[in-house]
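# Reading the structure
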Amino acid sequence: MSKRKARDAHLPIGECITQVQQILRERFCERLLPDRPEGVEAQYKHLLELLRRTAIHGESNSVLIVGPRGAGKTMLLQCVLRDLQKEEKVQKNLLQVHLSGLLQTDDRTALKEITRQLHLENVVGDKVFGSFAENLAFLLEALKKGNRSSSCPVLFVLDEFDLFAHHKNQTLLYNLFDVSQSAQAPIAVVGVTCRLDVLELLEKRVKSRFSHRQIHLLSSLNFTQYLERVWTQLSLPDSFPDKKFAQEWNAGVKTLCEDKSVEEVLQRHFNSSKDFRSLHMLLMLCLSRVSVAKPTIKPADLLEASRMCFADATANMLHGLSILELCLVIAIKHLNDVYEGEPFNLQMVHNEFKKFLHRKSNSMYNFEQPVVMKAFEHLQQLELIRPVDGSSAKVQREYQLMRLTLDHSQIMDALQKYPQCPTDVKQWAMSAFG
Amino acid sequence: SQRVGEWLRSQHCKMVKDVTLGQHILIEGYDEDNPYVAKVTRLYGDENGQQMKAVVQWFMRVSELPVNKLKLLGREPHPQEIFYYECRNCDNEVNVESILRPVKHLDSNDPFPDSSDKDTLYVKLSWDSKVFGVVNSTVMESPAEPAPASSPPSSTPRGPSRRVLPTPDHAIMQKASLGEVGCSSVGTPANVEAESLHSATKLSASKCLSAKRRNATARTPGVRKRLELSSECSHKDFKMQPLCRTREQQGFLYISNTKSPEVENEKSPMVTETPRSSKRKSAMVVSSRIKKQLNLLENDQDLNSSGEEEDEFVPSKNDLLSSSEEEGQDEDGPNIDDQVSAKKFRYVATGSGNSRSKRKSYSSARTQRRTPAKKISPGTPKTPRHATPSIPIRSLQTQQPANILEEARARLHVSSVPESLPCREQEFQDIYSFVESKIIDNTGGCMYISGVPGTGKTATVHEVIRCLQHAADMDEIPSFHFIEINGMKMTDPHQAYVQILQKLTGQKATPDHAAVLLEKRFSNLAPRKETIVMLVDELDLLWTRKQNVMYNLFDWPTRRHARLVVLTIANTMDLPERIMINRVASRLGLTRMSFQPYSFKQLQEIIMSRLNKLKAFEEDALQLVSRKVAALSGDARRCLDICRRATEICEHSAADPSSTGLVGMSHVMEALNEMFSSAYITAIRCASTQEQLFLRAAIAEFRRLGLEEATFQQVFVQHQALCRIEGLRPIGVSEGLAVCQRLGACRLLLLEPSHLGVLQHIRLNVSQDDIFYALKAD
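Conventions and cut-offs
Residues numbered from 1 in each chain as written. Chains lettered and ligands numbered in written order. Predicted model: local features only at pLDDT ≥ 70, side-chain atom pairs only at ≥ 80, totals over all residues. Heavy atoms only, no water. Contact = heavy atoms within 4.5 Å. Buried area = accessible area lost by both parts, 1.4 Å probe. Salt bridge = Lys/Arg side-chain N within 4 Å of Asp/Glu carboxyl O. Polar contact = N/O pair within 3.5 Å; in protein donor to acceptor, adjacent residues only side chain to side chain. Helix = DSSP H or I, 4+ residues; strand = E, 2+ residues; numbered from the N terminus. Nonpolar A, V, L, I, M, F, W, Y, C, P; charged D, E, K, R; others polar. Domains from an automatic or database assignment. Expected span 1.5 Å × (residues − 1). Buried < 20%, exposed > 50% of the residue type's maximum accessible area, 1.4 Å probe, protein only. Arc of directions from axis to C-beta. Pairing = 2+ DSSP bridges. Axes fitted to C-alpha atoms, helices over the stretch in contact; angles between N-to-C directions. Phe/Tyr/Trp six-rings, centres within 6.5 Å; stacked < 30°, edge-to-face > 60°.

### Observations regarding the interface of chain B and chain A
Each partner contributes to the interface: chain B provides 82 residues, whereas chain A provides 94 residues. The junction of chain B with chain A conceals about 7400 Å² of combined surface from both sides, 51% of it contributed by carbon and sulfur atoms. Sorting the residues of chain B by area buried against chain A places B:Ile391, B:Arg394 and B:Met488 first, and these three jointly supply 10% of that buried surface. The interface formed by chain B and chain A contains eight salt bridges. Between B:Glu648 and A:Arg53 there is a salt bridge, with the nearest N and O atoms lying 2.3 Å from each other. Inspection of the region where chain B meets chain A yields 27 residue pairs in polar contact (both at pLDDT 80 or more). Listed by contribution, the elements that provide at least two residues to the side of chain B that touches chain A are helix H12 (367–370), helix H13 (404–412), helix H23 (636–653), helix H24 (665–676), helix H25 (680–686), helix H26 (689–705), helix H27 (712–726) and helix H28 (733–745) of chain B. At seven residues, the largest contribution of residues to the side of chain B that touches chain A is made by H23(B). The residue inventory of the side of chain B that touches chain A, partitioned by class, reads 32 nonpolar, 28 polar and 22 charged.

As structure tokens, then:
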């Protein structure tokens with residue numbers, strides 16, 4: 001260690017680690033856009049051309065970017081906008097309005113937000129005055145006044161586009177698409193969504209006004225490309241201040257990627273999902289284990305991180321249960337086996353539990369009914385069991401029908417790991433019939 | 001008549017206020033705050049003397065003028081200002097009972113005083129429903145005649161005569177007549193002879209007018225349309241630039257020079273204006289000399305002047321006669337002053353008229369931005385803030401299309417207004433004749449237009465209105481007011497009232513108040529109204545539980561004095577039967593029209609006409625697009641969008657961007673694939689291994705259950721089994737749920753809310769065959 005420190009003349013190791021953490025974290029948190037979007041060059045070009053035409057020629061357009069979650073839809077759009085803003089002709093010629101279906105949950109708020117972002121003249125400070133109807137009329141009037149050659153193009157970005165389709169009458173979408181198809185102020189409507197069937201959500205007259213351009217982001221990535229991506233994501237750029245450290249780090253990453261066990265873990269991740277957001281999650285967990293004392297990522301770190309990623313949340317919850325609660329869960333499991341998944345109530349579970357106590361139990365003794373009930377309610381609070389839909393609240397709590405929201409495999413796994421679980425309880429759980 | 005007036009007054013002085021001939025009075029209208037203003041020209045009783053009538057000359061208040069026309073004034077209107085209303089086809093007879101009280105008024109020469117006395121009104125300009133003109137005192141005396149009685153309309157072919165019109169003497173005549181009549185003082189009662197003579201001429205004039213109308217209608221509108229659309233400008237005067245022509249010019253100039261359209265814009269109104277002002281100057285010089293020969297010349301002049309000057313000012317024979325009689329009584333001194341000031345105003349008025357025509361013809365020109373965007377009439381103080389709705393102006397010039405493909409793309413954009421609407425001639429003609437007949441007969445009516453989206457319903461109606469507007473400008477039909485509302489462009493069906501009222505009068509009101517005002521407006525006798533043509537787009541969204549909005553919309557046209565034509569548009573053919581209750585459907589009537597989806601030939605024609613001989617597409621490629629779209633929906637918008645996309649593909653596929661060829665079959669095929677193929681199969685192919693396994697597990701479970709639905713738990717069991725078969729490590733429940741959620745987010749699966757966890761039910765959103773196909777091809 002000291003030897004290394006001595007060789008790193010210009011940067012202490014602590015400094016280097018901080019730098020590494022900062023650079024990679026920015027990458028993994030997706031705060032930093034990549035220089036060029038990878039694997040989606042055709043889509044990038046299509047979108048860039050489209051928006052450039054709106055900005056430069058004043059041609060109205062509408063387009064949807066469709067792809068599964070984490071496929072890089074927003075990244076693509078942001079890259080295009082960044083590169084578009086760099087162009088001389090576009091720079092001050094494009095107004096942007098960003099809306100999100102999760103924030104603007106109805107047309108009223110969406111309209112206010114549009115008006116606010118466009119700084120129309122009925123905006124004072126940050127507030128928009130006027131009723132919904134007035135705002136709509138005002139915005140439409142404003143857009144109508146404009147024309148292709150003289151007014152500034154407006155780019156509308158609708159994130160979570162499918163949620164806008166649920167607004168009443170789809171008024172906003174109709175009007176935006178209508179403007180984009182008539183000789184008014186030039187606008188480009190870019191919808192971002194992960195639903196493949198989004199067009200079916202649109203009303204027919206709205207659909208007719210949409211240009212039917214869809215940019216699909218479906219990654220046909222194979223595993224070698226995936227591995228390569230991991231490698232590029234982890235390696236440090238040439239601009240890293242300490243060249244020596246960067247070289248060593250990059251060499252470490254290379255050996256890491258070639259490791260058999262690491263490859264296996266990554267393969268599993270790749271099989272599960274191809275999106276980069278979950279990969280970033282995994283790498284982030286690895287990165288957080290890097291410290292001055294351990295300045296490289298070891299295969300063990302990746303295994304540990306992977307274990308954390310794949311950990312079963314509900315099964316983990318079972319570890320915190322009391323023995324009584326665990327016994328009730330096991331009783332429920334037996335009931336499910338016997339009655340093939342029919343719902344149960346507290347009385348049935350208690351009976352099953354009492355049968356177990358009668359027959360085999362050595363370590364357990366009988367509990368009072370109220371204590372059992374309390375345990376049962378605790379299970380319900382943890383949502384390990386949930387009431388059957390439609391069972392009315394009028395039914396006494398003992399007789400309310402419930403269902404188990406756990407899989408049997410989860411119960412068995414939890415039992416294996418449960419600290420100091422009585423053997424008879426374990427055996428009871430294993431036995432085919434209670 | 002003075003005596004008659006005295007007599008009538010004595011008869012009815014209890015209920016009628018002091019009204020003398022020539023006095024300005026207020027007449028009750030639908031708006032209590034702003035009653036109508038008029039001047040009494042004649043009072044008479046009917047046979048038994050019970051009902052007293054008054055013949056009046058109407059004046060317009062500022063608030064009654066159409067908002068968009070206020071711009072023509074070129075200045076802020078004074079709140080107490082009124083305009084002399086020259087309209088040929090308005091009812092100028094009122095019941096004396098409706099007279100509220102007399103008001104003071106000042107004539108054209110005085111400046112606006114500062115005092116805001118509510119009862120004093122000022123006349124400065126006249127208004128003939130199109131442009132402002134200078135009031136001249138003769139017409140103040142008796143109502144203007146549309147055309148002199150002596151001129152037979154058939155003998156002067158309208159269009160050409162205007163072109164070859166010997167304009168100088170016309171202008172001189174006008175000046176002269178102005179000067180002539182200026183000497184008669186404004187408020188004096190008309191003399192009996194003039195009055196009676198006038199009514200005689202009026203009769204014959206109205207006959208002439210109706211004959212003219214018949215002529216106009218005899219020509220079929222379809223023919224007229226084609227004439228207007230195809231011919232360049234033969235029948236249009238320099239003031240009305242034909243729309244199609246300017247478009248063409250612009251289109252042409254795109255290629256040649258980017259700057260020139262603007263230059264053209266700036267120049268053209270000037271060019272049209274200069275000869276006129278010079279005419280006016282010469283007129284000034286010689287006017288006094290000519291004055292004496294006036295009576296000799298007037299017949300000639302009247303014959304010639306039935307052109308566009310007519311709507312600004314036409315001295316009828318009768319007017320001139322009466323004024324020349326009065327000439328002798330007044331001295332010449334104030335006469336010249338009068339004349340000069342009138343001239344000044346006239347200049348202003350014609351100037352603004354020009355700017356209007358300029359705006360109309362170059363609706364896309366930049367000049368529009370500089371004009372004050374929206375003036376809120378002083379009559380409505382309810383608007384607290386004067387916010388102008390506008391989008392910022394771009395800092396850089398738009399780039400013009402550089403090559404053929406870009407040019408084609410610009411032309412194929414749905415927004416570019418076509419020079420004509422091909423393939424809808426029959427529909428055009430039906431709607432045109434319907435609206436035209438209603439306008440000419442001064443009646444109202446409803447029409448229901450249906451058709452699937454993208455079949456040109458709204459475009460056709462707009463085209464009809466454009467042609468009618470042009471006909472109205474040419475004085476072939478009476479002028480009308482067009483308003484448009486769209487069910488989708490309002491937040492609530494009741495907002496329809498607000499929008500209609502706002503577009504009619506510029507007033508702002510709450511929906512309830514607006515409904516009351518409109519009700520009053522359409523049911524009361526309001527003689528000066530023009531016919532209103534109302535387009536109601538997306539009618540089905542105006543549905544309310546009680547259907548009162550629709551009921552009112554269809555009920556107003558049936559009122560006697562409403563003069564309202566309602567054109568409604570919706571998608572479904574049987575909308576009246578499906579959603580309207582009987583009394584609404586009955587009022588809508590049976591005038592219906594349905595737009596059929598375009599056939600492939602029509603679609604092809606549409607594209608061809610838009611491209612307008614621009615060679616950008618291969619013949620086969622166009623046919624493929626139109627056949628494909630016609631087979632699916634017949635939506636012209638879709639067709640144009642596909643063509644546009646094909647040009648892009650063509651542009652990108654070419655190796656060298658400068659030498660792009662025609663858009664061929666391959667490009668069109670690619671565009672079609674992009675737009676019509678569903679992404680499901682690609683999405684399944686691109687899904688991760690576990691996601692694909694999960695889909696297979698779902699199918700396996702459905703097969704086992706014989707149902708199309710299963711819980712996650714059941715599918716998960718299958719999934720784990722499949723994992724083992726495939727030699728993969730079985731995944732945990734949490735991971736399985738995550739996989740399931742991802743598929744659900746793309747809507748490959750349909751899921752219940754996720755809080756149900758393993759109990760949620762799963763269904764497929766794609767057919768099983770699609771999944772098998774997608775996975776097998778791997």
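### Let's talk about the side chain of A:Arg386
Mapping A:Arg386 onto the fold places it in strand S8 (residues 385–387). Excluding its chain neighbours within four sequence positions, the residues that come into contact with A:Arg386 are A:Met402, A:Arg403, A:Thr405, B:His755, B:Leu756 and B:Leu759.

### As for the domain arrangement of chain A
Looking at the assigned domains, one finds that chain A contains domain 1 (13–31 + 221–310) and domain 2 (41–216). Between domain 1 of chain A and domain 2 of chain A, the C-alpha centre-to-centre distance is 37 Å.

### Observations concerning helix H17 (residues 511–523) of chain B
Residue and element names in this part refer to chain B. Relative to the 18 Å expected for 13 residues at 1.5 Å per residue, H17 spans 18 Å between its end C-alpha atoms, a close match to the ideal helical length. Taken residue by residue, H17 has Ala514, Ala515, Leu517, Leu518, Arg521 and Phe522 as its buried positions. Projection of H17 onto a plane perpendicular to its axis shows the buried side chains occupying an angular sector of 170°, all on one side. Within H17, the exposed residues directed more than 90 degrees away from the buried face are Asp512 and Val516. Taken together, the buried residues of H17 touch helix H16 (495–505), strand S11 (531–537) and strand S12 (564–570).

### Re the sheet that holds strand S1 (residues 61–66) of chain A
Residue and element names in this part refer to chain A. Spatial ordering of the open sheet is given by S2-S5-S6-S1-S7, a layout of five strands whose pairing is parallel. Single-partner strands in this sheet number two, and they are strand S2 (95–100) and strand S7 (214–216). Along the sheet, successive strands turn relative to each other by an average axial angle of 15°, direction set aside. Note that S1 and S7 share three bridges and pair parallel. The residue of S7 that forms the bridge with Val66 is His216. Contacting S1, S2, strand S5 (154–159) and strand S6 (187–193), helix H4 (residues 73–86) crosses the sheet at an angle of about 150° to S6. Across the face of the sheet, helix H5 (residues 107–118) comes into contact with S2 and S5 while running at roughly 155° to S2.

### Some remarks on the packing of aromatic side chains
Any two aromatic rings considered together are summarised by their centre-to-centre distance and by the angle between their planes. All names here are of chain A. Taken as a whole, this structure holds 16 aromatic pairs over all chains when the rule is applied. Ring geometry for Tyr226 versus Phe276: centroids 6.3 Å apart, planes at 20°, classification stacked. Of this pair, Tyr226 sits in helix H11 (residues 223–234) while Phe276 sits in helix H14 (residues 276–287); the two residues are 50 residues apart in sequence, bridging distant segments of the chain. Judged by its relative accessible area of 0%, Tyr226 falls in the buried class. Note on Phe276: relative accessible area 13%, which makes it buried.

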